[in-house]
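# Structural characterization, general
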Amino acid sequence: MRAIGDDASVAELLRRIATGRVLWRLHVNAVPDCVGSANALAEAFGGTVAESDNVSKDGRALAERLGLAIDPWPHPEQFATVIAVVTSTRSQLRLMGVFVQASRLVDLHHYCPL
């Protein structure tokens, strides 16, 4: 999983988002900051928002208020890029962290140092 930080990696991410299907993957027990971030990104760039295992009660309430449909059973092979939203380790993605090729998996975390 690669972190986004420098200008070149940001440009590469934007190119990948523009040229292929994107899966915005929430972490396990996704909380409102994760759900809200994924919603904003999906609205801005398109793509599908999916959960890894479950969404917290507060995260689910926010999704409902936003009208955000969260795919509970995504098929990562259907997407060119899988972006782990507010996720710092593969273990937070459950089995998807194991099965998605590292070249297709990007970590987008607001705690990442720039």
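As a starting point, this report considers the structure included with it.

### Quick word on the overall build of the protein chain
In terms of regular secondary structure, the protein chain is built from 4 helices and 5 strands. Put simply, the protein chain runs from its N terminus to its C terminus through helices and strands in the order β-α-β-α-β-α-β-α-β. For the protein chain, the accessible area works out to roughly 6200 Å², and carbon and sulfur atoms hold 57% of it.

### Details of the pairing of strand β4 (residues 81-85)
Summarising burial for β4: 5 of the 5 residues are buried, a large majority. Judged by which residues are buried, β4 turns out to be covered on both faces: Thr81, Ile83 and Val85 on one side and Val82 and Ala84 on the other are all buried.

### Examining the packing of helix α2 (residues 32-45) against helix α3 (residues 57-66)
One way to put it is that α2 packs onto α3 with a least axis distance of 8 Å and a crossing angle of 30°. Classified by the angle between their axes, α2 and α3 sit roughly parallel to one another. Relative to α3, α2 is oriented so that their crossing is right-handed. On α3, the residues touching Pro32, Val35, Gly36 and Asn39 of α2 are Asp58, Gly59, Leu62, Ala63 and Leu66. Looking at the contact of α2 with α3, its residues break down into 5 nonpolar, 3 polar and 1 charged.

### Side note on unusual backbone geometry
For Asn29, which is not glycine, the phi dihedral falls at a positive 55°. Note that Asn29 resides in the loop between β2 (22-25) and α2. Here Asn29 falls in the partly exposed class, since its relative accessible area comes to 38%.

### So, the environment of His27
Of note, His27 is situated in the loop between β2 and α2. The class for His27 is buried, based on a relative accessible area of 8%. Taking the C-alpha atoms as reference points, His27 and Asp53, separated by 26 residues in sequence, lie 7.7 Å from one another.

### Section: the side chain of Asn39
Examined against the element boundaries, Asn39 turns out to sit in helix α2. Beyond its immediate chain neighbours, meaning those up to four positions away, Asn39 contacts Leu66 and Leu68.

### Some points on the nonpolar core
Trp24, Leu26, Val35, Val49 and Ile70 are the most contacted members of the largest nonpolar core, which totals 18 residues. Among the elements of the structure, α1 (7-19), β2, α2 and β4 are those that each provide at least two residues to this core. The greatest single-element share of this core, amounting to 5 residues, is contributed by α2. In contact with Val49, other than residues within four places in its own chain, are Trp24, Leu26, Ala38, Ala42, Leu68, Ala69, Ile70 and Asp71.

Rules of the game
- The residue numbering used here restarts from 1 in each chain and proceeds along that chain's sequence as written.
- Local features in this predicted model are restricted to residues of pLDDT 70 or higher, and side-chain atom pairs are both shown and tallied only at a pLDDT of 80 or more, whereas totals for entire chains, interfaces and linings draw on every residue.
- Hydrogens and water molecules were not included; the side-chain quantities draw on all heavy atoms of the structure.
- For the purposes of this entry, the term helix denotes a DSSP run of H or I that reaches at least four residues, the term strand denotes a run of E that reaches at least two, and both are numbered from the N terminus.
- Areas reported here follow the Shrake-Rupley algorithm with a probe of radius 1.4 Å; residue values treat only the protein chains shown as occluding.
- Relative accessible area decides the class of each residue, using a 1.4 Å probe on protein chains only: under 20% of the type maximum gives buried, over 50% gives exposed, and in between gives partly exposed.
- Between the N-to-C directions of two axes lies an angle of 0 to 180 degrees, each axis being a line fitted to C-alpha atoms and, for a helix, fitted only over the stretch in contact.
- Just so you know how the angles are binned, under 35 degrees is roughly parallel, over 145 roughly antiparallel, 65 to 115 roughly perpendicular, and the rest oblique.
- Two helices that cross are described as forming a left-handed crossing if the nearer one is turned anticlockwise from the farther one by less than a right angle, and a right-handed crossing if clockwise.
- Residues count as neighbours in contact if any of their non-hydrogen atoms are within 4.5 Å of one another.
- Any residue that is not Ala, Val, Leu, Ile, Met, Phe, Trp, Tyr, Cys, Pro, Asp, Glu, Lys or Arg is counted as polar, Gly included; the first ten are nonpolar and the last four charged.
- Nine residue types can take part in a nonpolar core, namely buried Ala, Val, Leu, Ile, Met, Phe, Trp, Tyr and Cys, and a core is a set of them joined through side-chain atoms within 4.5 Å.

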